[in-house]
Amino acid sequence: MNTLRKTWHPYVSPFDPCTPIKVKTYSTPPNLYMGFQPPGLEQFTPMEALRAGTLWKAFYDPWYSPYEKAREGQ
């Protein structure tokens, strides 16, 4: 199963004066995991689509900070 949030481990120099960030995260859009747009996808209402930024619910991806762990499951 593909996830929308990925992690990577940057290089940490032994001479870096700052506290290193050992794991960084980034978000990937849902359309990367669909080879094509299948017919009959569920749609938002016009007003919801304007708020969400997309007409199709399958392509909606709200961005949450990686520090908001409680909201990730929603």
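Residues numbered from 1 in each chain as written. Predicted model: local features only at pLDDT ≥ 70, side-chain atom pairs only at ≥ 80, totals over all residues. Heavy atoms only, no water.

### What about the environment of T19?
Here comes step 1: If you trace the backbone, T19 turns up in the loop between strand 1 (5-8) and strand 2 (24-27).
Here comes step 2: Residue T19 is classed as exposed on the basis of its relative accessible area of 73%.
Here comes step 3: Put simply, T19 and G40 are 21 residues apart on the chain and 50 Å apart in space, counted from C-alpha to C-alpha. (Helix = DSSP H or I, 4+ residues; strand = E, 2+ residues; numbered from the N terminus. Buried < 20%, exposed > 50% of the residue type's maximum accessible area, 1.4 Å probe, protein only.)

### A word on a nonpolar patch on the surface
Here comes step 1: Taken together, the side chains of L4, L32 and Y33 make up a nonpolar region of the molecular surface, amounting to roughly 270 Å² of accessible area.
Here comes step 2: Its place among the elements puts L4 in the segment before strand 1.
Here comes step 3: Among the residues examined, L4 registers a relative accessible area of 34% and is labelled partly exposed. (Patch = residues over 30% accessible without salt bridge, like charges linked within 9 Å, V, L, I, M, F, W, Y side chains within 5 Å. Areas by Shrake-Rupley, 256 points an atom, 1.4 Å probe, with all protein chains shown as cover. Salt bridge = Lys/Arg side-chain N within 4 Å of Asp/Glu carboxyl O.)

### Notes on the environment of N2
Here comes step 1: Summarising the element assignment, N2 is placed in the segment before strand 1.
Here comes step 2: Linking N2 and T28, residues 26 residues apart in sequence, is a C-alpha distance of 9.9 Å.

### Quick word on the packing of aromatic side chains
Here comes step 1: Evaluation of the coordinates by the stated rule reveals two aromatic pairs.
Here comes step 2: On the numbers, 5.7 Å between centres and 90° between planes, the contact of F44 with Y60 is edge-to-face. Here Y60 lies in the segment after helix 1 (46-52) and F44 lies in the loop between strand 2 and helix 1, a separation of 16 residues in the sequence.
Here comes step 3: Here F44 falls in the buried class, since its relative accessible area comes to 15%.
Here comes step 4: Ring centres of W56 and F59 lie 6.2 Å apart, and the angle between their planes is 90°; this geometry places the pair in the edge-to-face category.
Here comes step 5: With relative accessibility at 26%, the residue W56 sits in the partly exposed group. (Phe/Tyr/Trp six-rings, centres within 6.5 Å; stacked < 30°, edge-to-face > 60°.)

### Here we look at the side chain of T28
Here comes step 1: Residue position: T28 is located in the loop between strand 2 and helix 1.
Here comes step 2: Within the local environment of T28, its side chain forms a polar contact with the side chain of Y33, the two groups lying 3.0 Å apart.
Here comes step 3: Those residues in contact with T28 that sit more than four places away from it in its chain are T3, L4, K6, Y33 and D61. (Polar contact = N/O pair within 3.5 Å; in protein donor to acceptor, adjacent residues only side chain to side chain. Contact = heavy atoms within 4.5 Å.)

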